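# Summary of structural features
Listed below are the residues making up each chain.
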Amino acid sequence: MTFVYQKATKAALAVLMILMILCGILLPGIEGSRAEDGIATAPHAIDPIVRVLLSRLNITDRMDVTLTAPYGLHFGTGNAEMYFEKGSQLAFLLRNDVIYLYYQGMSLRCGSQVQLKKYADQNAQPEERSGFYLTNFDPLYQGDLSLSVTDGKIRPILSIHVEDYLLGVVPYEMNDLFPVEALKAQTVAARTYALRKKNAAADYDVVDTTNDQVFRGYVPGNTHTEQAIKETYGVCGFYKGKLAQCYYSASNGGQTELVESVWKTDGDFSYYAFGKDPYDVENPASTVRSFPIRKEYKQSEVAPFGLRKLLADMLFDELTQLGFDPSPESIQVHQVSEVKLDTPSSRDSAHLTMLHMTVRISGRTRSEAKTTITLEDLDTEEVFLFETLAPITPNHTPTPTPAPTAAIPTPTPELVYGPFTPIEEAFVLDIPIFPSAENAFGMNISTNYDNEIWALVEDQTGYEIQARRYGHGVGMSQRGAEWMALTYEKDFKEILGFYYPGMKLMRYDFAAPVPPVPEAELAATAGPAPTVTPRPTLMPVTMNAAPGQWYAVVTGIAEDSTLNLRSRPDLGGDILMRLYKNQRLLVLQRCPEEGWVQVQTDAITGYVMESFLTEE
């Protein structure tokens, strides 16, 4: 009897095990089968293909690609017109608003729109990733490519499965060195954001910059990221049965922000939290900028340029009325006291908007030296001041010769400064932090938002003003998530629960992408061998460095990205051109505006942020 019972029990267990395997419960390595984590299936299906506008590549009139899988060329929704084998190199050029394809001596007029659609590679190895990449650059772009003409430029749009898309997002929105649980939280937020942004009525869903999410294609080696994506396959955030809007930023500065405080919206974002974020503040990697101010400045000490610039702006009328020059160079700071921050932007907000201080300063006058031009200063062989008459000739009516225009040089007047004179009365200043103090001190961290969280630290000798928050501060803080996972061992569910307390996790059970098989007739003929396309040419730098100048190289950008060279040292300056990685530069000087340098090549001069350069 016991034997029969055990045999029956074993048979029942075997059947149960088979059923569990078929349901995916015992196979956690298969995408979409994560029943053991307690995450329910999403209430509706969704197309997992995301269309990404590749704007950060700065494509204008040419795009060179190398294929790592078979692709078909399409001119609409019908069958492929041409077939390209794996390894083919294609060049798309724009001429007179028409896209032309060049390939191995062949040219083809494509019109204003063309598509490259990926086909199945019968010889591909398991787990091998395929797609195309910009010739001679590392990132792989998996999926289909659509090219069209917009505003006189080629506009590339990538159609890619969301799980492949995340491989090009997560390691750049965070970093593969982050804890896996933090990367999982980032993955869920990024997946939810992308799928919610899908819009069939538009040409694309997301752009590949921080306007949506940074996307740089796939580069092998980000093992933690790949683990995080695989172990959260299909998991998204939901609120009231619909995809949530998972905003996130690099650092919230110690307080999470509400959606409605940043953007005007009528949506229901009740699942967000507003309050203190101790994890972000504790993380030493969170972005902090500081500006020191001493309480006393000796006669020989020069106060920071930013402080003097702020005083010159705030005291312009007063200094002018007193007869002093209202410029930073003509202000000498003696004493700073009663510094404080207040006036929150909203109730209970750590976002303060006013800076107060009392200062004692000296001012000085400025005038232009009078310059007298003498005849000795002029080049008498080139400049004629008097009319020259033609000689009188008999039987000829004299005709006066007109006097040439005298090119009298205008000298640049020299500035004459008076001595610094103490101003007896102290100035009590109420200064708006945004934008007055922030611009003068160079404390703006997020160029798109005036929302940095300012704090004040005082000691016996002076004050240190600190600014935190990198980004809008809404939703998850990436630095906060990192610290929660690294120091407090929180898992991704706890991290997401802290930043989106009203959000529920559910999983989409979509399948991995399956490329179509090409027509046998198209795939029968092999293409010719590919050729190499060079990288962009770097500008030469042949000038010798003068004293105080040095050489540097552009290093702080990705291989396929560029650094803006601007007309003036601030982010509002016109973009003169874009510099490629490894571009050598002659640095002429550091600018008074913190973080900026003036640079030069043989072809152009402009301004860049020094943080993107490495000194030779």
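Just above, that's the structure.
Read on for a plain summary of the structure. Because the structure is predicted, anything quoted here is derived from the model rather than measured.

## Some points on the layout of surface pockets
Reported here for the second largest pocket is a volume of approximately 1,100 Å³. Around the second largest pocket, the lining comprises 36 residues; the ones closest to its centre are Arg129, Gln142, Asp164, Ala512 and Pro513. Elements represented by at least two residues in the lining of the second largest pocket include exactly strand 9 (113–118), strand 12 (153–161), helix 2 (162–167) and helix 5 (223–231). Here the element with the most residues in the lining of the second largest pocket is helix 5; it accounts for four residues. When the residues that make up the lining of the second largest pocket are grouped by side-chain class, the tally is 16 nonpolar, eight polar and twelve charged.

## As for the nonpolar core
Judged by nonpolar contacts, the single largest core of 87 residues is most densely connected at Phe92, Leu116, Tyr165, Met476 and Tyr500. Of all the elements, helix 4 (residues 180–196) adds the most residues to this core, at nine residues. Excluding anything up to four places from it in sequence, Tyr165 contacts Val52, Ile160, Ala194, Val206, Gln213 and Phe215.

## Topic: the sheet that holds strand 15 (residues 242–243)
Taking strand neighbours across the sheet as the criterion, the four strands line up as 1-29-14-15 in an open arrangement whose pairing is mixed. Two strands in the sheet have a free side with no partner beyond their single neighbour: strand 1 (40–41) and strand 15. Relative to strand 29 (residues 504–507), strand 14 (residues 235–239) runs antiparallel, the two sharing four bridges. Looking at the pairing, Gly237 lines up with Leu505 of strand 29.

## Re the packing of helix 4 against helix 11 (residues 478–487)
Where helix 4 contacts helix 11, the axes come no closer than 8 Å and their chain directions differ by 140°. You can see that helix 4 and helix 11 cross each other, and the crossing is right-handed. For the pair helix 4 and helix 11, the contacting residues are Glu181, Ala182 and Gln186 in the first and Gln478, Ala481, Glu482 and Ala485 in the second.

## Notes on the pairing of strand 14
For strand 14, a buried count of five out of five residues is recorded, marking the element as mostly surrounded by other parts of the structure. Side chains of strand 14 alternate between two faces, with Val235, Gly237 and Tyr239 and Cys236 and Phe238 buried alike. Inspection of the sheet shows strand 14 paired to strand 15 by two bridges, in the antiparallel sense. Residue pairing for strand 15: Phe238 is matched across the bridge by Leu243. The hairpin turn running from strand 14 into strand 15, its antiparallel successor, is two residues long, and Lys240 in that turn takes a positive phi close to 55°.

## Comments concerning the state of the cysteines
Following the criterion strictly, the structure yields zero disulfides and no others. Lacking any disulfide linkage, Cys236 is separated from the closest cysteine sulfur, that of Cys246, by 8.2 Å. With relative accessibility at 0%, the residue Cys236 sits in the buried group.

## Structural notes on the side chain of Thr68
The topology assignment puts Thr68 in the loop between strand 3 (62–67) and strand 4 (71–74). Look at Thr68 and you get buried, because its relative accessible area is 17%. Among the polar contacts made by the side chain of Thr68, one reaches the main-chain amide nitrogen of Gly131 at a distance of 2.7 Å. If we ignore the near neighbours within four places in the chain, the residues touching Thr68 are Lys86, Ser130, Gly131, Phe132, Tyr133 and Leu140.

## Focus on the environment of Val474
Relative to the elements of secondary structure, Val474 occurs in the loop between strand 27 (462–468) and strand 28 (476–477). Here Val474 falls in the buried class, since its relative accessible area comes to 0%. In the structure, Val474 is positioned 226 residues away from Tyr248 in sequence and 5.8 Å away in space, judged by C-alpha atoms.

## Structural notes on the environment of Val339
Topologically, Val339 is positioned in strand 20 (residues 331–344). Each C-alpha atom, one on Val339 and one on Ile465, is 9.6 Å from the other, the two residues being 126 residues apart in sequence. Not counting residues up to four positions away in its chain, the partners in contact with Val339 are Leu355, His356, Met357, Leu456 and Tyr463.

## Quick look at unusual backbone geometry
Residue Pro435 follows Phe434 across a cis peptide bond; omega there is 5°. For Lys240, which is not glycine, the phi dihedral falls at a positive 55°. Mapped onto the fold, Lys240 is located in the loop between strand 14 and strand 15. Lys240 sits in the exposed class, given a relative accessible area of 65%. Phi at Arg469 takes a positive value of approximately 100°, unusual for a residue other than glycine. Looking at the element boundaries, Arg469 is found in the loop between strand 27 and strand 28.

## Brief notes about the packing of helix 4 against helix 12 (residues 492–499)
Where helix 4 meets helix 12, the closest approach of the two axes is 8 Å, and the angle between their N-to-C directions is 55°. Classified by the angle between their axes, helix 4 and helix 12 sit oblique to one another. Two packed elements cross with a definite hand, and for helix 4 against helix 12 that hand is right-handed. Facing helix 4, whose interface residues are Glu181, Ala182, Lys184, Ala185 and Val188, helix 12 presents Phe492, Ile495 and Leu496. Tallied by class, residues from the contact of helix 4 with helix 12 come to six nonpolar, no polar and two charged.

## Description of the sheet that holds strand 19 (residues 288–294)
Ordered in space as 19-27-26, the three strands form an open sheet in which the pairing is antiparallel. Sheet topology places strand 19 and strand 26 (453–458) at the edges, where each strand pairs with a single neighbour. On average, adjacent strands in this sheet sit at an angle of 20° to one another, irrespective of strand direction. Bridge count between strand 26 and strand 27: six bridges; the pairing is antiparallel. Across the sheet, residue Glu458 finds its bridge partner in strand 27, namely Tyr463.

Reading the values: the criteria
- Residues numbered from 1 in each chain as written.
- Predicted model: local features only at pLDDT ≥ 70, side-chain atom pairs only at ≥ 80, totals over all residues.
- Heavy atoms only, no water.
- 1 Å grid on protein atoms, 1.4 Å probe; cavity = no way out; pocket = protein on both sides within 12 Å on 5 of 7 lines; lining within 4 Å.
- Points joined across faces, edges and corners; volume = space filled by probe spheres on them.
- Helix = DSSP H or I, 4+ residues; strand = E, 2+ residues; numbered from the N terminus.
- Nonpolar A, V, L, I, M, F, W, Y, C, P; charged D, E, K, R; others polar.
- Core = buried A, V, L, I, M, F, W, Y, C linked by side-chain atoms within 4.5 Å.
- Buried < 20%, exposed > 50% of the residue type's maximum accessible area, 1.4 Å probe, protein only.
- Contact = heavy atoms within 4.5 Å.
- Pairing = 2+ DSSP bridges.
- Axes fitted to C-alpha atoms, helices over the stretch in contact; angles between N-to-C directions.
- Left-handed = near helix turned anticlockwise from the far one by under 90°.
- Disulfide = S-S within 2.5 Å.
- Polar contact = N/O pair within 3.5 Å; in protein donor to acceptor, adjacent residues only side chain to side chain.
- Parallel < 35°, antiparallel > 145°, perpendicular 65-115°, else oblique.

The values reported here are purely geometric and, on their own, carry no functional implication.
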